[in-house]
Amino acid sequence: MKIRSVLSAAVLAVSTVFASTQALAQEKFTLRLAETWGPNFPIFGEATKNMAEMAEKMSDGRLRIRIDSSNKHKAPFGVFDMVKAGQYDMGHSASYYWKGKVPNTLFFTSMPFGMTAQEQYAWFYYGDGMELMQEVYEPHNLMSFPGGNTGIQMGGWFRKEINSIDDLQGLKMRIPGFAGEVFAEVGVSPTNIAPGELYTALERNTIDAVEWVGPALDLRLGFQQIADYYYTGWHEPATELQFLVNKKTWEKLPADLQEILRISMRTAAYDMLIQSQHENAKAWATIKEEHPELQVKQFPEEVFEAMYKANKKLLKEAAEGDELASRIVASQEEYLEKSRAYTDISERAYLNTMAEVE
Ligand code: CA
């Protein structure tokens, strides 16, 4: 008798749990995402759509993500605030855009003379990257995840050849962020101009040079028609975009949907790196064919050396007086050193060998 009532109570308890799990399993969630990009923005916008599609399919429609592009929310650089306030559940943007608000967000996109995409993903997922990023975003009720990598960005389009540091003095160049500060240290006047006005600004000599992304996205803006020199990159060796998630939204999701969202973001991010390689190779072939006169250049060694020194100095300043910044800078420096020692005997050695035999 006693045993039976205990048993039936247990059965009742189990079935109650089962029923509530089922109810939870059937609950549907629609998250709203604000992206910094305009509608149908190639590659960047595709990463967001891929992520949403994967999440919806894997959850059998229980997790839907509705994307608003910047034409809808009108605040491309308001994504951080909108997701923080819960006006949107998610965002797709780039961490370094928030450095004016929260200086330490700067470190989670790409640093001049920093890690390559492969090295940086290793730092994020297997080193301290994710944890440090979370430490920066946590006080803002936000979670940040890698959101897609452009691969190494090109150093920019120049109308005149750069042969020395002297050639950089007073050069007006569109180059935003920390790299702009590094360039400023060696004499460049960095400016930030809206993408839609860049072509005209370069054509009318309002600026002398412009960096944007790489062949795939540069081709659309037409710089190849008005600049003869395309410089190789140093300033954004692995630009990682970002998925932002409002922390309360995340906590509302059942564990399986959290995992589905996490996997969707991670897969979409890595897929963007692969797509960038594909689209850049395609666009570069087109640019070379249509503009055989175009010259690909590297900055002279003295320019690189001066920028490398300026970068070190600025990083030291950023780390001074900010305990978290100094830990992030130290973590990145240590990881880069170790990781690069291996890259040197693997990827670099292979590419160098190939260059010799070809
Ligand atoms: Ca860029």
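Everything quoted here is computed from the prediction, not taken from an experiment.

Cut-offs applied
- Residues numbered from 1 in each chain as written.
- Predicted model: local features only at pLDDT ≥ 70, side-chain atom pairs only at ≥ 80, totals over all residues.
- Heavy atoms only, no water.
- Domains from an automatic or database assignment.
- Contact = heavy atoms within 4.5 Å.
- Buried area = accessible area lost by both parts, 1.4 Å probe.
- Salt bridge = Lys/Arg side-chain N within 4 Å of Asp/Glu carboxyl O.
- Polar contact = N/O pair within 3.5 Å; in protein donor to acceptor, adjacent residues only side chain to side chain.
- Helix = DSSP H or I, 4+ residues; strand = E, 2+ residues; numbered from the N terminus.
- Buried < 20%, exposed > 50% of the residue type's maximum accessible area, 1.4 Å probe, protein only.
- Donors = N, O, S within 2.8 Å, 3.2 Å for Na, K, Ca; no water.

## Some points on the domain arrangement of the protein chain
- Per the domain assignment, the segments making up the protein chain are domain 1 (28–148 + 239–290 + 323–358) and domain 2 (153–235 + 293–321).
- Each side of the interface is counted separately: domain 1 has 22 residues, and domain 2 has 28 residues.
- In total, domain 1 and domain 2 occlude about 2100 Å² of area from one another, counting both sides; carbon and sulfur atoms represent 75% of this.
- The largest per-residue losses of area from domain 1 upon contact with domain 2 belong to Pro112, Phe113 and Ile287, which jointly make up 33% of the total buried on that side.
- Taken together, domain 1 and domain 2 are joined by two salt bridges.
- Between lysine 99 and glutamate 181 there is a salt bridge whose closest N-O contact spans 2.5 Å.
- Where domain 1 packs against domain 2, one counts five residue pairs in polar contact (both at pLDDT 80 or more).
- Looking at the side of domain 1 that touches domain 2, the elements that each hand over two or more residues are helix H11 (255–290) and helix H13 (323–357).
- Looking at which element gives the most residues to the side of domain 1 that touches domain 2, the answer is H11, with six residues.

## Considerations on unusual backbone geometry
- Look at aspartate 60: it is not a glycine, yet its phi comes out positive at around 55°.
- Mapped onto the secondary structure, aspartate 60 falls in the loop between helix H2 (44–58) and strand S2 (63–68).
- The exposed category is assigned to aspartate 60, whose relative accessible area is 68%.

## Looking at the coordination of the calcium ion
- Here the calcium ion is held by the protein donor atoms Gln153 (OE1), Glu211 (OE), Glu211 (OE), Trp212 (O) and Glu236 (OE), which lie 2.3 to 2.6 Å from it.
- On the primary sequence, the residues serving as donors to the calcium ion are separated as Q-x57-E-W-x23-E. Of this pair, tryptophan 212 sits in the loop between strand S8 (209–210) and helix H9 (215–221) while glutamate 236 sits in the loop between strand S9 (229–231) and strand S10 (240–246), placing them 24 residues apart in sequence.
- Judged by its relative accessible area of 5%, glutamate 236 is buried.

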